[in-house]
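Each chain, written out:
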Amino acid sequence: MLPLQRPELFCKGQLTKPCKGILLFGPPGTGKTMLANAVATKAGANFINISMSSITSKWFGEGEKYVKDVFTLASKIAPSVVFVDEVDSMLGRRENPGEHEAMRKMKNEFMVNWDGLRTKDTERVLVLAVTNRPFDLDEAVIRR
């Protein structure tokens, strides 16, 4: 919460930069979603809740556009927390042979925006992801 509340404390060098994402995992019913909401409220950040159904579309390329729009909104109303519940349904392993190319592109777009490559360093956007199946996530997501 401190990087969202007091960003001036985290601008002196590479080692003090705040993390861009947090993964909460555990069995169902342990309060992970309520904890994420409490973090955003206590930090005074805007809470953006996204789900797989809200950013997918039957039209090719629309999912990537929706992901970009979510992060654009989050950077405009910063400080903000982008909350992804059941992240394994959206950012699962990319080696899945039955996965469509559009889904892979949407995952790549999400991770590029998560890294902050298209936002300024001063914008305070935190991705908070929740799952009860961390072993189903892509390795790139876990590294972030």
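Summarised in this report is the structure supplied together with it. Residue positions are given per chain, counted from 1 along the sequence in the order it is written. In keeping with the model being predicted, local features are shown solely for residues with a pLDDT of at least 70 and side-chain atom pairs are shown and tallied solely at 80 or more, while totals for entire chains, interfaces and linings include all residues. Note: side-chain values were computed over all heavy atoms of the structure, leaving out hydrogens and water.

1. Details of the overall build of the protein chain
Piece 1. Scanning the protein chain for helices and strands turns up 6 helices and 4 strands.
Piece 2. Strands are runs of DSSP state E lasting at least two residues, helices are runs of H or I lasting at least four, and both sets are numbered from the N terminus onward. Mapped in sequence order, the helices and strands of the protein chain form the string α-β-α-β-α-α-β-α-β-α.
Piece 3. Residue contacts are defined here by distance: any two heavy atoms, one from each residue, within 4.5 Å place the two residues in contact. Taking the intrachain contacts of the protein chain between residues at least 6 apart in sequence as the baseline, contacts between residues at least 24 apart amount to 75%.
Piece 4. Where accessible areas are quoted, they stem from the Shrake-Rupley method and a 1.4 Å probe; at the residue level, only the protein chains shown are allowed to cover. When the accessible surface of the protein chain is totalled, it reaches about 8500 Å², and 57% of it is carbon and sulfur.

2. Some thoughts on the environment of Glu-62
Piece 1. Residue placement: Glu-62 occurs in helix α4 (residues 62–76).
Piece 2. For the exposure calls, accessible area comes from a 1.4 Å probe over protein chains only, and a residue counts as buried if that area is under 20% of its type's maximum, exposed if over 50%, partly exposed in between. For Glu-62, a relative accessible area of 21% gives the class partly exposed.
Piece 3. As a C-alpha pair, Glu-62 and Met-106 span 44 residues in sequence and 8.8 Å in three-dimensional space.

3. Focus on the sheet that holds strand β3 (residues 80–85)
Piece 1. Two strands qualify as a pair provided DSSP detects at least 2 bridges between them. Spatial ordering of the open sheet is given by β1-β4-β3-β2, a layout of 4 strands whose pairing is parallel. Strand pairing shows two members of the sheet lacking a second neighbour, β1 (21–25) and β2 (46–50), which therefore form its edges. For this sheet, the mean inter-axis angle between neighbouring strands, taken without regard to orientation, is 20°.
Piece 2. Summarising the sheet, β1 and strand β4 (residues 125–131) pair through 5 bridges and their orientation is parallel. Residue pairing for β4: Ile-22 is matched across the bridge by Leu-128. Every axis corresponds to a line fitted to the C-alpha atoms, with the helix fit spanning only the stretch in contact, and the corresponding angles, defined between N-to-C directions, vary from 0 to 180 degrees.

4. Some thoughts on helix α2 (residues 32–43)
Piece 1. Between its first and last C-alpha atoms α2 spans 17 Å; for 12 residues at 1.5 Å apiece the expected length is 16 Å, and the two agree.
Piece 2. All of the buried residues in α2 are Lys-32, Ala-36, Ala-40 and Ala-43. Taken end-on, α2 shows its buried residues confined to a sector of 80°, consistent with a single buried face. In this structure, α2 carries Met-34, Thr-41 and Lys-42 as exposed residues pointing more than 90 degrees from its buried face. Here, expected helix span is obtained from the residue count minus one, scaled by 1.5 Å. Arc, as used here, means the arc of the directions from the helix axis to the C-beta atoms.

5. Considerations on α4
Piece 1. Over its 15 residues, α4 extends 21 Å from the first C-alpha to the last, a length consistent with the 21 Å expected when each residue adds 1.5 Å.
Piece 2. Among all positions of α4, only Gly-63, Val-67, Val-70, Phe-71, Ala-74 and Ser-75 are buried. For α4, the arc enclosing every buried residue in end-on projection is 130°, short of the 170-degree limit, so these residues lie on one face.
Piece 3. Buried residues in α4 make contact with β2, α3 (52–55), β3, α5 (101–115) and β4.

6. Describing the pairing of β3
Piece 1. In terms of burial, β3 is largely enclosed, as 5 of its 6 residues are buried.
Piece 2. Strand direction decides the pairing type here: β2 and β3, joined by 5 bridges, are parallel. Bridged to Asn-49 within β3 is Phe-83.
Piece 3. Direction of pairing for β3 relative to β4: parallel, over a ladder of 6 bridges. Bridge pairing links Ser-80 to Val-125 in β4.

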